[in-house]
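Fold and geometry: a report
Letter by letter, the chains look like this.
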Amino acid sequence: MSTGLATWRAGAGRCREIVRGIRNNFRYSNGLRLNFQRLFRRSAAEVVYVWDNRIRIACDCGRGEHFGVHEVFTERCYAPHLERCRFEGNRVRYVDVGANVGAFGLGLLARGLVIEGAVAAELNPATAARCRRNVERNGLAAAVRVVNCGVAGSDGWIDFAPSAHALGDNIFHAATEAAGQRVELLSLPTLLQRHAGGRSEFDLLKLDCEGAEYEILRMTPAEVLRGFRYLIVEFHAEPAGESLAAVMN
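Here's what I pulled together on the structure shown here. (Residues numbered from 1 in each chain as written. Predicted model: local features only at pLDDT ≥ 70, side-chain atom pairs only at ≥ 80, totals over all residues. Heavy atoms only, no water.)

This structure, assessed with the given rule, holds 14 salt bridges. One salt bridge connects R20 with E75, and the closest N-O pair in it is separated by 2.9 Å. Of the two residues, R20 is situated in helix α1 (residues 3-25) and E75 in the loop between α3 (65-73) and α4 (79-82); the sequence distance between them amounts to 55 residues. The salt bridge involving E83 is made with R76; its shortest N-O contact spans 3.4 Å. Counted as one network, the salt bridges with shared partners bring together E46, E65, R130 and R133. (Salt bridge = Lys/Arg side-chain N within 4 Å of Asp/Glu carboxyl O. Helix = DSSP H or I, 4+ residues; strand = E, 2+ residues; numbered from the N terminus.)

Following this line, the structure appears as structure tokens:
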């Protein structure tokens, strides 16, 4: 392929991405303002997306946090799975591992579910703080506990180094102690013991943790996993030493 053709294709792909972003933004209640900000104020530290004139989700678009918001609200990636779930009394108790800015829980709220109790675990300290503010600004502070931690197969610590893109943050790319931020790693049982108020039964476990889902599922005792009625798991590229077959067995 010639350099000119490759450049043209890259430019065309970028144009398609921009058009898709503009179209997605117009689906939010403040779509006009969003498009103005995304086109002319791209350096803004925080952008607030408003869904259905009531749900407000702030994110740092410079780190790509808005892609997680689009996944939930405009692309509806979880909708086919959630439509197969039955929540008694339209009430839900869930654990969200890889919560990012909290879009998954706010998406449950947008579906008309009443959130009775939840734990939202997010590895990146800055993103976890934004998630906590999103929970509070949507009136869920009493129901959703946001925990800044990584969830893994066992307890420990990580010198966390944020990636260039929010969706790339993971427990596998640790920094040196001097350069990183010290963040605790918790196993799923420890997370529940410390932050779920002694509760052992939940309606839903959602895992979107950039590869850590393999060791979480492999190393969590079966009786803990059986405490969830439904599991929604996004499997990423298999980390070294892990395989989907081993997890499923």
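Inspection of the secondary structure assignment puts K206 in strand β9 (residues 202-207). Along the backbone, K206 and Y94 are 112 residues apart, and their C-alpha atoms lie at a distance of 7.7 Å. Apart from residues lying up to four places away in sequence, K206 is in contact with Y78, V95, D96, V97, G98, A99, F104 and I232. Within the local environment of K206, its side chain forms a polar contact with the backbone oxygen of G98, the two atoms lying 3.0 Å apart. (Contact = heavy atoms within 4.5 Å. Polar contact = N/O pair within 3.5 Å; in protein donor to acceptor, adjacent residues only side chain to side chain.)

A word on the sheet that holds strand β8 (residues 181-187). Spatial ordering of the open sheet is given by β6-β8-β7, a layout of three strands whose pairing is mixed. The open sheet terminates on both sides in strands that have one partner only, identified here as β6 (150-152) and β7 (156-160). In this sheet, adjacent strand axes meet at a mean angle of 40 degrees when their direction is disregarded. Bridge count for β6 against β8 is three bridges, and the pairing is parallel. Along β8, the bridge assignment pairs V151 with L186. (Pairing = 2+ DSSP bridges. Axes fitted to C-alpha atoms, helices over the stretch in contact; angles between N-to-C directions.)

To continue, consider the nonpolar core. Soluble globular proteins tend to pack their nonpolar side chains together in the buried interior. If you look at the biggest cluster of nonpolar residues, it comprises 39 residues, and the most contacted ones within it are Y49, I57, V69, F73, Y94, I115 and V144. Ranked by residue count, the leading element in this core is helix α5 (residues 103-110), at five residues. Filtering out sequence-adjacent residues up to four positions away, Y94 remains in contact with F104, G105, L108, I115, G117, A118, V119, V144, F202 and L204. V95, C209, V224 and V247 belong to the second-largest nonpolar core, a separate cluster that totals 31 residues. (Core = buried A, V, L, I, M, F, W, Y, C linked by side-chain atoms within 4.5 Å. Buried < 20%, exposed > 50% of the residue type's maximum accessible area, 1.4 Å probe, protein only.)

Taken in spatial order, the five strands line up as β5-β4-β3-β9-β10 in an open sheet, and their pairing is parallel. Only two strands of the sheet have a single neighbouring strand rather than two, namely β5 (144-148) and β10 (228-233). Pairwise comparison of adjacent strand axes, ignoring direction, gives a mean angle of 10 degrees for this sheet. Examined bridge by bridge, strand β3 (residues 91-97) and strand β4 (residues 114-122) share seven bridges and lie parallel to one another. Bridging from a neighbouring strand, R93 pairs with G117 of β4. The strands touched by α5 are β3, β4 and β9; relative to β3, the strand with the most contacts, the crossing angle is about 165 degrees. The sheet contacts of helix α6 (residues 125-137) involve β4 and β5, and relative to β5 the element is tilted by about 170 degrees.

Everything listed is a geometric property; what it means functionally is a separate question.
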